[in-house]
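# Results of the structural survey
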Amino acid sequence: MNDYIKDFPIFNDRKYIYFDNAATTQRPRQVLSAMQRFYETENANPLRGMYKWSTDATKEYEGAREAVARYINAEKSSEIVFTRNATESLNLVAYSYGLSNVNKDDEIVICISEHHSNILPWQMVARQKGAKLIYLECEKDGSINESEFEKIGPKTKIVAIAQLSNVLGQPKDIKKIAKICHDAGAVIVVDGAQSAPHMKVDVRNMDADFFAFSGHKLMGPMGIGVLYAKEELLEAMPPFLSGGEMIEYVSREDATYAELPHKFEAGTVNAAGAAGLKAAIDYIQNIGFEYIGERERTLTKLLMDEMKKIPHIEIYGSEDPEKHCGIVTFNLEGCHPHDVATILDADNICIRAGHHCAQPLMKYMAFPMNATCRASMYFYNTEDEVLRFADKLKNVRGELGYGS
């Protein structure tokens, strides 16, 4: 049993079981302190002023960018663009790269298990450019059969895929998929929102062209996200937003853009959020992915073993707990997931219920009511919480009037 939970003020004197970590994680004191320290000692616009507060803010902001680059092993910090979240990062790629490089009758390939954030931007590009959207279908455990990759061909311009599903877990071999994409002349856009908090990411080793993730899913603040992109791609892309800070020179008729990555960061930046993100990265690296992975495997196996003892329950995804990465998605026969979540909430147990922003997957898998319950754990959760959750789950059908 770990004691990291003591670092999280939200759990102090509160008897909550928080199993909604795939939606957002909680913030340790170190992250909250970093943001407070910024506002109390360095609160000024970065990159704009010559006075000490502003130069200190710039140092903090760019230091966070360097920390992110190290975290995912980017070659240069200039390949790191700060956004609001992974959704904005993926939209940036769609609008700035997709609309500039996809033409009529080209193909964009995505997986059926994608989050809406990695579907809707590509639907937009396909509509506007007259391109075709091709879906890779997955197996019941979330894996992709080798034959599906034959859909990536000479007409493919973009392949957009999550490294880890927010519904089924099941990590994808991005390095292998990237090679298939590059051999076909396509670029690969990786949604790393779920993977970045749970496993070591090496964008150079996997040869990702783009990689997006959110700070709030790895214990950082809400409102800050990251887009990594290879330098040559960013150089060729037009800005996503226009305004202050992303320019070098403006005349009455024209403008020249700032150097990378600033041409993609229009307006006043979220410097405090960047400080918090750096603190979250430092916190994760201090713990280590080996420990995080071990804890998630232990908790997932325990939960799946306990759930299998409960009648009328169906667990989705792989039989192997290691493939879930802390995510256990399930349904209770006859019970709507919203009702299950409401009953659990009465006992201060927090899970996610609904379509999880993955409606195409829900329909493809033929999940009852196109919805599921999802319990997602992180390293600060405990075996005791898992046992208490499973014990409560045994009684939910009875409380909803379906019997034991």
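So, here is what we can say about the structure in this document. (Residues numbered from 1 in each chain as written. Predicted model: local features only at pLDDT ≥ 70, side-chain atom pairs only at ≥ 80, totals over all residues. Heavy atoms only, no water.)

### Section: the sheet that holds strand 8 (residues 225–229)
Just so we agree on the cut-off: By the convention used here, strands pair only if DSSP detects at least 2 bridges between them. Per the convention used, a helix needs a DSSP run of H or I reaching at least four residues, while a strand needs a run of E reaching at least two, with both numbered from the N terminus. Angular values range over 0 to 180 degrees, each being the angle between N-to-C directions of two axes fitted as lines to C-alpha atoms, with helices fitted over their stretch in contact. Residues count as neighbours in contact if any of their non-hydrogen atoms are within 4.5 Å of one another.
The mixed open sheet is built from seven strands, whose spatial order is 2-8-7-6-5-3-4. Since the sheet does not close on itself, it has two edges, and those belong to strand 2 (80–83) and strand 4 (132–136), each with one partner. Between one strand axis and the next, the sheet turns through 20 degrees on average, direction left out of account. Across four bridges, strand 2 lies against strand 8 in antiparallel orientation. Bridging from a neighbouring strand, T83 pairs with G225 of strand 8. Those strands touched by helix 4 (residues 120–129) are strand 3 (107–111), strand 4, strand 5 (156–162) and strand 6 (187–191), and its axis lies near 160 degrees from that of strand 3.

### A closer look at the pattern of salt bridges
Once the charged atoms of two side chains with opposite charge are near each other, the side chains can pair. Short version of the rule: Salt bridges, as used here, are contacts in which a Lys or Arg side-chain nitrogen is within 4 Å of a carboxyl oxygen on Asp or Glu. Under the scheme applied here, a residue whose accessible area is under 20% of the maximum for its type counts as buried, over 50% as exposed, and between as partly exposed, the area being computed with a 1.4 Å probe on protein chains only.
Going through the model one piece at a time under the given rule, you end up with 23 salt bridges. Residues K179 and D183 are paired through a salt bridge, measuring 2.9 Å at the closest nitrogen-oxygen approach. Here the residue K179 and the residue D183 both occupy positions in helix 5 (residues 174–183), the gap between them amounting to four residues, near one helical turn. The class for D183 is exposed, based on a relative accessible area of 58%. Among the ionic pairs, K278 bridges to D282, the shortest N-O distance being 3.0 Å. Residue K278 and its partner D282 are located together in helix 8 (residues 271–287), separated by four residues, close to a single helical turn. Overlapping salt bridges bring together D20, R352 and R374 as one network.

### Description of the side chain of S195
Our working definition: Counted as a polar contact is a pair of N or O atoms within 3.5 Å, where, for protein atoms, one must be capable of donating a hydrogen and the other of accepting one, and residues adjacent in sequence contribute only when both atoms are in side chains.
Within the fold, S195 resides in the loop between strand 6 and helix 6 (203–206). The buried category is assigned to S195, whose relative accessible area is 0%. Within the local environment of S195, its side chain forms a polar contact with the side chain of Q163, the two groups lying 2.7 Å apart. With sequence-adjacent residues up to four places away left out, S195 is seen in contact with Q163, L164, V201 and F211.

### What to know about unusual backbone geometry
The phi angle at D105 is positive, at roughly 75 degrees, despite the residue not being glycine. With respect to the secondary-structure elements, D105 resides in the loop between helix 3 (86–101) and strand 3. Positive phi, close to 55 degrees, is recorded for H356, a residue that is not glycine. Positionally, H356 belongs in the loop between strand 14 (352–354) and helix 11 (359–365).

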